[in-house]
Amino acid sequence: MRIYKDIFTGDEMFSDSYKMKLIDDVMYEIYGKLVTRKQGDVVLEGSNPSQEEADEGTDEGVESGVDVVLNHRLCETYAFGDKKGYTAYLKDYMKKLVQRLEEKAPDQVSVFKNNTNKVMKDILSRFSDLQFFTGESMDIDGMVALLEYREIDGDSVPVLMFFKHGLEEEKF
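The rules behind these values
- Residues numbered from 1 in each chain as written.
- Predicted model: local features only at pLDDT ≥ 70, side-chain atom pairs only at ≥ 80, totals over all residues.
- Heavy atoms only, no water.
- Helix = DSSP H or I, 4+ residues; strand = E, 2+ residues; numbered from the N terminus.
- Buried < 20%, exposed > 50% of the residue type's maximum accessible area, 1.4 Å probe, protein only.
- Contact = heavy atoms within 4.5 Å.
- Phe/Tyr/Trp six-rings, centres within 6.5 Å; stacked < 30°, edge-to-face > 60°.
- Lys NZ or Arg CZ within 6 Å of the ring centre and 35° of its normal.

A. Examining the overall build of the protein chain more closely. Each helix and strand in the protein chain was counted, giving three helices and eleven strands. Each helix and strand of the protein chain, placed in order from N terminus to C terminus, yields the pattern β-β-β-β-β-β-α-β-α-α-β-β-β-β. Across the 172 residues that make up the protein chain, the buried fraction comes to 40%. Looking at the protein chain alone, contacts between residues at least 24 apart form 65% of all its contacts between residues at least 6 apart.

This is the structure:
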């Protein structure tokens with residue numbers, strides 16, 4: 001298993017246990033599911049709880065949401081009041097990523113800049129449909145993941161987006 005962590009905060013953002021797609025070598029799209037479960041339960045992809053454990057409507061704490069968000073303790077943020085506020089954050093964050101790329105992989109900087117501009121122009125056109133999530137530390141100086149719901153095969157599917165170059169991969 002691989003865990004993807006924010007390079008600036010060290011927060012766990014997602015794992016490779018979800019369906020994922022790399023867009024233009026810049027952005028990972030992670031396809032989640034809406035789930036409801038008892039608080040504290042972690043349900044791994046592909047598991048099948050037994051009938052004895054079926055919820056009988058008791059008053060236990062129940063949480064609902066997107067599995068990726070719940071499993072990796074992502075926190076919704078409302079730090080960006082509007083598109084202008086998010087764009088200001090994005091410019092600062094991209095400067096930090098470019099600096100890091102110049103140190104670690106200078107040959108990738110120009111491709112990163114060009115592809116990022118293209119991807120972000122598309123995403124910003126859907127700004128009003130997005131939700132924003134930080135890692136568990138809630139450090140807004142790190143990566144802010146994006147979430148939108150898309151119609152796929154007649155279902156509304158939560159899709160989280162993470163900048164590839166803002167993540168480090170850890171193997172377990």
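Anyway, onward from the coordinates.
B. The arrangement of the packing of aromatic side chains in detail. With the rule as written, the count across this model stands at 14 aromatic pairs. Judged by centre distance (5.2 Å) and plane angle (45°), the rings of phenylalanine 80 and tyrosine 89 are tilted. For the pair formed by phenylalanine 80 and tyrosine 89, the shared burial category is buried. The interplanar angle of 35° and the centroid separation of 5.8 Å between the aromatic rings of tyrosine 86 and tyrosine 89 together place this pair among those described as tilted. Here tyrosine 89 and tyrosine 86 lie together in helix 2 (residues 83-104), a separation of three residues that amounts to about one turn. Both residues of the pair, tyrosine 86 and tyrosine 89, count as buried. Linked through ring pairs, Phe8, Phe80, Tyr86, Tyr89, Tyr93, Phe127, Phe132 and Phe163 together constitute an aromatic cluster. The ring of tyrosine 31 carries lysine 19 above its face, with NZ or CZ at 5.0 Å from the centroid.

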